[in-house]
Amino acid sequence: MRQFTAVVNPTAGRAAGAAALLAVARRLREAGAELETAYSGSLDHAKDLAREAGARGRVVLAVGGDGIAGGIGGALSGTGGVLGLVPAGRGNDFARALRLPSDPGELADVLLHGTPRPVDTVEVSSAVHDRAVVLGSVYAGVDALANLHANRSRLLRGAASYYAGGLRAVATWRAARYRVTVDGTEHPHTGYTVVAANSGYYGSGRAVAPDARVDDGLLDVVLIRDAPRRLFFALMNDLTTGAHVHRPQVEILRGCEVRISADREIPYGADGEVDAVLPVTARVLPGALRVLYGTPRPPGTRP
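Being a predicted model, the structure only gives us computed values, none of them experimental. (Residues numbered from 1 in each chain as written. Predicted model: local features only at pLDDT ≥ 70, side-chain atom pairs only at ≥ 80, totals over all residues. Heavy atoms only, no water.)

**Comments concerning the pattern of salt bridges**
Two side chains that carry opposite charge are able to pair once their charged atoms sit near each other. In this structure the tally under the stated criterion is 15 salt bridges. The partner of Asp-211 in a salt bridge is Arg-254, with the nearest N and O atoms 3.9 Å apart. Within this pair, whereas Asp-211 is found in the loop between strand 9 (185-197) and strand 10 (219-225), its partner Arg-254 is found in strand 11 (residues 250-255), the two being separated by 43 residues in sequence. (Salt bridge = Lys/Arg side-chain N within 4 Å of Asp/Glu carboxyl O. Helix = DSSP H or I, 4+ residues; strand = E, 2+ residues; numbered from the N terminus.)

So, in structure tokens, the structure goes:
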């Protein structure tokens, strides 16, 4: 029977993580599994707890949203440790890409009986930020600015906070001139954003890279070119299904390493937690992490 260590921040997300864990923990223990809970005070502390538990051969459960999932997944990347997710955040985009069930009983069944599968992780490096390893995506532009606004929102939660943050960001955005280098080939780009995606989803369920796979050893690089604001808002609506990829303002490239720079100080983010400014390099680490999950959902379908 598996042994689990759940890493949870008891104060994050209005204690949503602790509540979500309680429902799953009861079912794990009823099945005879051993479960210990480690409470973290910060993301760095959560990473340390995850590494220590993984070194003891325990399955590490990241309890929360994409930030803690990416942080703990990054900490376990390349170690041989096994990650399980208990989604309890605003976006839960990596859990969505893995098609993890929302029902506590079904999720417990995946954690108890699922076979660990290798997934890719993403190494993120820049001159102004410490190296990080994340799971979902690196995004540089208006979406990173929107995420900053969403993270600072105290009144709105979930998709509503991302939508409000997006409105605020777009209202003040002017097109940036990017230099995007994919596997050594340069692609000049002027527009709203560049997204280097391992997972197909970001921003609370938006299918930004519908054909992205977490286990193909590639990043899908989504370029959204300059367009009138009204057209950009229509494009944002298309993100719910992935239909934006058919618009002429969208280009998708693929590669193993992506470097993004710009003509001015442009913010970038990674899994909702890494907040810095360009330039940045994202490099895929093929099969670097073992994760418990179900059948992957095609991006663009709703959970």
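**Looking at the packing of helix 2 (residues 43-55) against helix 3 (residues 66-76)**
Direction vectors running N to C along helix 2 and helix 3 enclose 45°, while the axes themselves pass 9 Å from each other. One finds that helix 2 runs oblique with respect to helix 3. The crossing of helix 2 and helix 3 is right-handed. On the side of helix 2, the interface is formed by Leu-43, Ala-46, Lys-47, Ala-50, Arg-51 and Gly-54, while helix 3 contributes Gly-67, Ile-68, Gly-71, Ile-72, Ala-75 and Leu-76. Per-class residue counts for the contact of helix 2 with helix 3 are seven nonpolar, three polar and two charged. (Axes fitted to C-alpha atoms, helices over the stretch in contact; angles between N-to-C directions. Parallel < 35°, antiparallel > 145°, perpendicular 65-115°, else oblique. Left-handed = near helix turned anticlockwise from the far one by under 90°. Contact = heavy atoms within 4.5 Å. Nonpolar A, V, L, I, M, F, W, Y, C, P; charged D, E, K, R; others polar.)

**As for helix 2**
A rise of 1.5 Å per residue sets the reference length of helix 2, with its 13 residues, at 18 Å; its end C-alpha atoms lie 18 Å apart and thus fit the reference within 8%. Residues of helix 2 that are buried: Ala-46, Leu-49, Ala-50, Ala-53 and Gly-54. The buried residues of helix 2 all sit within an arc of 130° when viewed along its axis, so they share a single face. Away from its buried face by more than 90 degrees, helix 2 exposes Asp-44 and Ala-55. Elements in contact with the buried residues of helix 2: strand 1 (3-8), strand 2 (34-39), strand 3 (59-64) and helix 3. Just downstream of helix 2 lies Gly-57, where phi reads positive at about 80°. (Expected span 1.5 Å × (residues − 1). Buried < 20%, exposed > 50% of the residue type's maximum accessible area, 1.4 Å probe, protein only. Arc of directions from axis to C-beta.)

**A closer look at unusual backbone geometry**
Following Leu-278, the chain continues to Pro-279 via a peptide bond in cis, the omega torsion being 10°. Residue position: Pro-279 is located in the loop between strand 14 (274-277) and strand 15 (280-291). Unusually for a residue other than glycine, Asn-92 sits at a positive phi of about 55°. For Asn-92, the location among the structural elements is in the loop between strand 4 (82-87) and helix 4 (93-97). Despite not being glycine, Arg-99 shows a phi value in the positive range, around 60°. In this structure, Arg-99 sits in the loop between helix 4 and helix 5 (104-113). Classification of Arg-99 by relative accessible area gives partly exposed; the value is 41%.

**Side note on the nonpolar core**
Counting residues in each nonpolar core, the largest one holds 48 residues, and the members touching the most others are Val-138 and Tyr-178. Not counting residues up to four positions away in its chain, the partners in contact with Val-138 are Val-122, Val-124, Val-194, Val-195, Ala-196, Tyr-268, Gly-269, Ala-270, Val-280 and Ala-282. Grouped together as the second largest cluster of nonpolar side chains are 44 residues, Val-24, Leu-49, Ala-50 and Leu-100 included. (Core = buried A, V, L, I, M, F, W, Y, C linked by side-chain atoms within 4.5 Å.)

**Some words on helix 3**
In terms of burial, helix 3 is a largely internal element, eleven of the eleven residues being buried. Listing the buried residues of helix 3 in full gives Asp-66, Gly-67, Ile-68, Ala-69, Gly-70, Gly-71, Ile-72, Gly-73, Gly-74, Ala-75 and Leu-76. Gly-78, located one to two residues past helix 3, shows a positive phi value of around 80°.

**Let's talk about the packing of helix 1 (residues 16-30) against helix 5**
Relative to each other, helix 1 and helix 5 sit at 55°, their axes nearing to 9 Å. As the angle between them shows, helix 1 and helix 5 are arranged oblique. In this structure, the crossing between helix 1 and helix 5 has a hand that is right-handed. Residues Ala-23, Val-24, Arg-27 and Leu-28 of helix 1 pack against Pro-104, Gly-105, Leu-107, Ala-108, Leu-111 and Leu-112 of helix 5.

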